[in-house]
Every structure is written in structure tokens, then in C-alpha cells.
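This is what each chain is made of:
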Amino acid sequence: MLKIQAHSKIPTDYGIFTVYAFSESEEDWTPHLVLVAENTDFSRTVNVRFHSECITGEVFHSKKCECGQQLDTAMKYMSENGGVIIYLRQEGRNIGIINKLRAYKLQEKGLDTVEANLKLGLPADGRNFDIAVEMLNILKIEEINLLTNNPDKIKSIENSEIILNSRIPLEIASNEVNESYLIKKKDYFGHFLEKL
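If you're wondering where the values come from, they're calculated on a predicted model, not measured in any experiment.

## Description of the overall build of the protein
Step number 1: Tallying secondary structure elements over the protein gives eight helices and seven strands in all.
Step number 2: Relative to the globule expectation of 16 Å for 196 residues, the C-alpha radius of gyration of the protein, 17 Å, shows essentially globular dimensions.
Step number 3: Taken over the C-alpha atoms alone, the protein extends approximately 50 × 40 × 35 Å along its principal axes.
Step number 4: Counting every position in the protein, which comprises 196 residues, the buried fraction comes to 48%.
Step number 5: Taking the intrachain contacts of the protein between residues at least 6 apart in sequence as the baseline, contacts between residues at least 24 apart amount to 58%.
Step number 6: Carbon and sulfur atoms make up 50% of the accessible area of the protein, which totals about 10400 Å².
Step number 7: Here the protein carries 23 positive and 29 negative side-chain charges, and the mean point of each set is 5 Å from the other.

See below:
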């Protein structure tokens, strides 16, 4: 069962966030994280973003995806409007960084993001958003606006007792490298991407 292992305020380029580490054990070195903007009121409708870890996009600014830009945009939005970012340690749609790099190698040979995962015997998307719902319940957040383009994240809320007030799009313009990736997200996963 998840619980809060530690928390602290962290000043960022987008303002001060209180960061909570959630895990089943305090020995876990890769806990899920929750970033709460300073002006957030849990008793009202809370702006929420479920964001899965992407070391290539967030740390190394890879142009193969829009994950780093989505995280930056979400942090800015939450800082300005109040809200919570649930940072899930589900790298590469939950296949891990080693398999993600293997999938990237297959993409260099012409496979798309889904084909590469399946070729490796992995799911196209192995993420679990019920973990995020569990963290919202621990924080006693009852009603949210969800920043997402992903219908699976919406379903995870609709299948819970949390009230989904609205969806807030979080669409990032494509670049010369990731346009086909984003098209796959739209066509295969059903993401709400209107700019493509």
C-alpha cells in the first residue's frame, strides 16, 4: 500500500512546489512523486496532471517525444492556476529505460513506436494510472480538472470515485522528428490531438 514517505518544498523556475514521495517502502529509491503548487486548495476542484517519467525527453531534451515540454507546460500551468502533478515512475510507457533504448534502436530501422515495443514482446502501453488515483485518494482530492490528451487517463478517473469536472488539453506542437510519433498516438491510442 502506498504512503507518503517524505515531503519538502522545492523552488523551481515555475514557482515553489511541495514534493511528496509515495511508495510502499521507505527503502524505495524511485518513488512516485506528487508536486503540489503553492496556491492549491484541495477542498475545491483541483487541476491535475498524470505525467509518466521520461528521462530522454525531460533530462536530455530528446526531440523524439513531447514529454519534457508537457511537463514544463504543466508546471507553469499549475504554478499560475494551482494544481497537482502526479509524476509516475513509468519510464517508456512502463517498459523502462533499457527497453526504451532498445525500442528506439528498432525505430531507427523503420519500426514505429508501437511496432518496436511489440517486436520486443512488450505492451504498446503498459502504464497503470490506478496508482495515480490511489495517490489522489490519499491526498483526499475529490474533484479534478485533468490536463491530458490521453483517453486512458480519463477512464482511470471515470472508473474511480473521483469526480472529473473537465479535461484541459495539453497539446504541444510537433517538430520535424516527432510528428509521426504523435500521429501514432492519435491514430493508435486515440489521443486527443487536434493540431495534427
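Moving on from the model shown.
## Overview of the nonpolar core
When a protein is soluble and globular, its nonpolar side chains tend to lie buried together.
Step number 1: Among the nonpolar cores identified, the biggest contains 24 residues, and Val34, Val48, Phe50, Ile86 and Leu136 are the most heavily contacted of them.
Step number 2: Within the residue set of this core, elements represented by two or more residues are strand 2 (15–23), strand 3 (32–37), strand 4 (46–52), strand 5 (84–88), helix 6 (130–138), strand 6 (143–147) and helix 7 (151–158).
Step number 3: Not counting the four nearest positions on each side in its chain, phenylalanine 50 is found in contact with Ile86, Phe129, Ala132, Leu136, Leu146, Lys153, Ser156 and Ile157.
Step number 4: Membership of the second largest hydrophobic core comes to 13 residues, among which are Phe17, Ile85, Tyr87 and Leu147.

## Overview of the pairing of strand 2
Step number 1: With respect to burial, strand 2 is a largely interior element, seven of its nine residues being buried.
Step number 2: Where strand 1 (residues 3–12) meets strand 2, nine bridges bridge the pair, whose relative direction is antiparallel. Among the inter-strand pairings, proline 11 is bridged to a residue of strand 2, identified as isoleucine 16.
Step number 3: Hairpin connection from strand 1 to strand 2: two residues lie between these consecutive antiparallel strands.
Step number 4: When strand 2 meets strand 3, the two strands line up antiparallel, connected through six bridges. The residue of strand 3 that forms the bridge with valine 19 is leucine 35.

Thresholds applied
- Residues numbered from 1 in each chain as written.
- Predicted model: local features only at pLDDT ≥ 70, side-chain atom pairs only at ≥ 80, totals over all residues.
- Heavy atoms only, no water.
- Helix = DSSP H or I, 4+ residues; strand = E, 2+ residues; numbered from the N terminus.
- Rg over C-alpha atoms; globule rule 2.2 N^0.38 Å.
- Buried < 20%, exposed > 50% of the residue type's maximum accessible area, 1.4 Å probe, protein only.
- Contact = heavy atoms within 4.5 Å.
- Areas by Shrake-Rupley, 256 points an atom, 1.4 Å probe, with all protein chains shown as cover.
- Lys, Arg positive; Asp, Glu negative; His and termini not counted.
- Charge placed at Lys NZ, Arg CZ, Asp CG, Glu CD.
- Core = buried A, V, L, I, M, F, W, Y, C linked by side-chain atoms within 4.5 Å.
- Pairing = 2+ DSSP bridges.

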